[in-house]
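For reference, the chains in residue letters:
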Amino acid sequence: MRSAQGTPVPPGRSAGSTAVAASPPGAAATSARRRITPLSLRRLRRLQLGAVALLWGLNTVMLSIGLREVHSAVANSVRMPVVAFGSLLAAVVRGKLPTLREIDRKSLILLVATGLWGAGLGSTLYVAGVAAVGPTRMATIGAASPLFAVPLTALFLHERPTRYTLLGTLLT
């Protein structure tokens, strides 16, 4: 692994760097003085996962409110550029924008395809679904994605799902 400046990062340092990058402002100096432990990283990951679940839930509710006045295609055409700008800004702030030039042709094609297919078509259909069936039903349909994602990752990426992944998928 290499740092943003291109220098090698010793093993074990990347996890600490991730924890520092995800810390609130002003916490980096404190984190540098204390040791990041596996327990604190697990807590951070749990908080991040909880935040993801909360934000996805809020997203669906807020989207349904916004769709009261706007057609789903218009709503999505506003959402996507905002997400693209935010992602680009995050890359600039973290010093990762130069890595854009390092993307090989195959990866670029896959990123463009998944952008069109997943973020483009998938998001458009999700927004249309919220407008058509409401946020509660659409959130339930969206929560079924592991039923498709887990077998597909096993098939195409040769990932072996853990028992917790399988249990979570079955509980979906």
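My aim in this report is to walk through the structure given alongside it, one point at a time. (Residues numbered from 1 in each chain as written. Predicted model: local features only at pLDDT ≥ 70, side-chain atom pairs only at ≥ 80, totals over all residues. Heavy atoms only, no water.)

This part is about a positive patch on the surface. Together, Arg42, Arg43, Arg45 and Arg46 give the surface a local cluster of positive charge. Assignment of secondary structure puts Arg43 in helix α3 (residues 38-66). (Patch = residues over 30% accessible without salt bridge, like charges linked within 9 Å, V, L, I, M, F, W, Y side chains within 5 Å. Areas by Shrake-Rupley, 256 points an atom, 1.4 Å probe, with all protein chains shown as cover. Salt bridge = Lys/Arg side-chain N within 4 Å of Asp/Glu carboxyl O. Lys, Arg positive; Asp, Glu negative; His and termini not counted. Charge placed at Lys NZ, Arg CZ, Asp CG, Glu CD. Helix = DSSP H or I, 4+ residues; strand = E, 2+ residues; numbered from the N terminus.)

So, on to the layout of surface pockets. The computed volume of the largest pocket comes to approximately 1,200 Å³. Taken together, 34 residues line the largest pocket, and the ones lying closest to its centre are Trp56, Gly118, Gly122, Ser123 and Tyr126. The class makeup of the residues in the lining of the largest pocket is 23 nonpolar, ten polar and one charged. (1 Å grid on protein atoms, 1.4 Å probe; cavity = no way out; pocket = protein on both sides within 12 Å on 5 of 7 lines; lining within 4 Å. Points joined across faces, edges and corners; volume = space filled by probe spheres on them. Nonpolar A, V, L, I, M, F, W, Y, C, P; charged D, E, K, R; others polar.)

Take the nonpolar core next. Membership of the largest hydrophobic core is limited to seven residues, which are Leu63, Leu67, Ala75, Tyr126, Val127, Val130 and Met138. By residue number, the principal contributor to this core is helix α5 (residues 105-133), which donates three residues. Non-local contacts of Leu67, meaning those with residues more than four positions away in its chain, are made with Ser72, Ala75, Val127, Val130 and Ala131. (Core = buried A, V, L, I, M, F, W, Y, C linked by side-chain atoms within 4.5 Å. Buried < 20%, exposed > 50% of the residue type's maximum accessible area, 1.4 Å probe, protein only. Contact = heavy atoms within 4.5 Å.)

It is worth spelling out the packing of helix α4 (residues 72-93) against α5 at this point. Put simply, α4 and α5 touch, their axes get as near as 9 Å, and they point 135 degrees apart. In terms of axis orientation, α4 runs oblique to α5. Of the two possible hands of crossing, α4 and α5 adopt the one that is right-handed. Across the interface between the two elements, Ser72, Ala75, Asn76, Arg79 and Met80 of α4 pack against Ala119, Gly120, Ser123, Thr124, Val127, Ala128 and Ala131 of α5. Considered class by class, the residues forming the contact of α4 with α5 number six nonpolar, five polar and one charged. (Axes fitted to C-alpha atoms, helices over the stretch in contact; angles between N-to-C directions. Parallel < 35°, antiparallel > 145°, perpendicular 65-115°, else oblique. Left-handed = near helix turned anticlockwise from the far one by under 90°.)

To continue, consider a nonpolar patch on the surface. Side chains of Leu88, Val92, Leu97, Leu100, Ile103, Leu108, Leu111, Val112 and Leu116 sit close together on the surface and give an oily, nonpolar patch of about 800 Å² of accessible area. Among the elements that line the nonpolar patch, the one with the most residues is α5, at four residues. Looking at the secondary structure, you find Leu108 in helix α5. Classification of Leu108 by relative accessible area gives partly exposed; the value is 45%.

Moving on: the packing of α5 against helix α6 (residues 135-142). Put simply, α5 and α6 touch, their axes get as near as 7 Å, and they point 140 degrees apart. Comparing their axes, α6 and α5 come out oblique. On α6, the residues touching Tyr126, Gly129, Val130 and Val133 of α5 are Pro135, Arg137, Met138 and Ala139. Across the contact of α5 with α6, the residue classes tally to six nonpolar, one polar and one charged.

Moving on, we come to α3. Compared with an ideal rise of 1.5 Å per residue, which puts 29 residues at 42 Å, α3 spans 41 Å between its outermost C-alpha atoms and is within 8% of the ideal. If you check which residues of α3 are buried, you get Leu41, Thr60, Leu63 and Ser64. (Expected span 1.5 Å × (residues − 1).)

A few words on α5. Its 29 residues give α5 an end-to-end C-alpha distance of 40 Å, which sits within 8% of 42 Å, the value for a rise of 1.5 Å per residue. Maximal helix bending in α5 amounts to about 30 degrees, located at Gly115. Of all the positions in α5, only Ser123, Tyr126, Val127, Gly129 and Val130 are classed as buried. Among the structural elements, α3, α4 and α6 are those in contact with the buried residues of α5. At the N-terminal end of α5, a side-chain oxygen is found 3.1 Å from the backbone nitrogen of Lys106, two or three residues along, and the residue is Asp104. A positive backbone phi angle near 95 degrees is found at Gly134, which sits one or two residues after α5. (Bend = angle between axes of the 7 residues up to and from the residue. Polar contact = N/O pair within 3.5 Å; in protein donor to acceptor, adjacent residues only side chain to side chain.)

Assignment of secondary structure puts Thr172 in the segment after α8 (163-171). Expressed as a C-alpha distance, the spacing of Thr172 and Ser145, which sit 27 residues apart in the sequence, is 8.5 Å. Other than its neighbours up to four places away in sequence, Thr172 contacts Ala143, Ala144, Pro146 and Leu147.

Interpretation note: all reported values are geometric properties and have no functional meaning in isolation.
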